[in-house]
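Here is how the chains run, residue by residue.
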Amino acid sequence: MIQQNDAVKLEDGTILAKHKVEILCPNCSRDVDETELAVQKCNDCGYDLSTPKQNVAINVTSKPIGTKVWGQ
């Protein structure tokens, strides 16, 4: 299962970065779906999914602080 979350700016100005979470079986490293997570058992190998493997990718960009435009 892959969960993709877009960047969000909170009311206090905090920015939550865009990120992707991939949930895998810790035994066979195959992608698991919501039903497998609910049952906590991999359909491919039968391994327990109570603690699935997660790969997280975070998109980071620079946000300039206090930039000044020349001529203004």
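Below: a short report on this structure. The model shown is predicted, which means the values in this text are computed figures rather than measured ones.

Summing up its helical and strand segments, the protein chain has one helix and five strands in all. The secondary structure elements of the protein chain, listed N-terminal to C-terminal, are β-β-β-β-α-β. If you take every contact in the protein chain between residues at least 6 apart in sequence, the share linking residues at least 24 apart comes to 37%. Carbon together with sulfur atoms contributes 49% to the accessible area of the protein chain, which is approximately 5900 Å² in total.

Turning our attention to the nonpolar core. Residues M1, V21, I23, C25, V32, C42 and L49 constitute the largest nonpolar core, which totals seven residues. If near-sequence neighbours (up to four positions away) are discounted, C42 is found in contact with C25, C28, E36, Y47 and L49.

Our next topic: the sheet that holds strand β1 (residues 2-5). The strand order β1-β4-β5 describes an open sheet built from three strands, whose pairing is antiparallel. Each having just a single partner strand, β1 and β5 (53-58) make up the two edges of the open sheet. Put simply, the sheet's adjacent strands are angled 15 degrees from each other on average, direction ignored.

With that settled, the discussion passes to the state of the cysteines. Per the stated rule, a full pass over the model turns up zero disulfides. Free of any disulfide, C25 has its nearest cysteine sulfur in C45, 3.7 Å distant. Exposure remark for C25: the relative accessible area of 0% places this residue in the buried category. The thiol sulfur of C42 is not disulfide-bonded, and the nearest other cysteine sulfur, from C45, lies at 3.8 Å.

Attention now moves to the environment of D33. Structurally, D33 can be placed in the loop between β4 (19-24) and α1 (34-39). Classification of D33 as partly exposed rests on a relative accessible area of 36%. On a C-alpha basis, the gap between D33 and N43 in space is 9.4 Å, while along the polypeptide they are ten residues apart. A polar contact of 2.8 Å, which involves the side chain of D33, links it to the side chain of T35.

As a further point, take the side chain of E36. Of note, E36 is situated in helix α1. Despite its burial, E36 pairs with no opposite charge, the nearest such side chain being R30 at 7.9 Å. Within the structure, E36 has its side chain in polar contact with the backbone nitrogen of N43 (distance 2.7 Å). Setting aside anything within four residues of it in sequence, one finds E36 in contact with D31, K41, C42, N43, D44 and L49.

Scoring rules and cut-offs
Residues numbered from 1 in each chain as written. Predicted model: local features only at pLDDT ≥ 70, side-chain atom pairs only at ≥ 80, totals over all residues. Heavy atoms only, no water. Helix = DSSP H or I, 4+ residues; strand = E, 2+ residues; numbered from the N terminus. Contact = heavy atoms within 4.5 Å. Areas by Shrake-Rupley, 256 points an atom, 1.4 Å probe, with all protein chains shown as cover. Core = buried A, V, L, I, M, F, W, Y, C linked by side-chain atoms within 4.5 Å. Buried < 20%, exposed > 50% of the residue type's maximum accessible area, 1.4 Å probe, protein only. Pairing = 2+ DSSP bridges. Axes fitted to C-alpha atoms, helices over the stretch in contact; angles between N-to-C directions. Disulfide = S-S within 2.5 Å. Polar contact = N/O pair within 3.5 Å; in protein donor to acceptor, adjacent residues only side chain to side chain. Lys, Arg positive; Asp, Glu negative; His and termini not counted. Salt bridge = Lys/Arg side-chain N within 4 Å of Asp/Glu carboxyl O.

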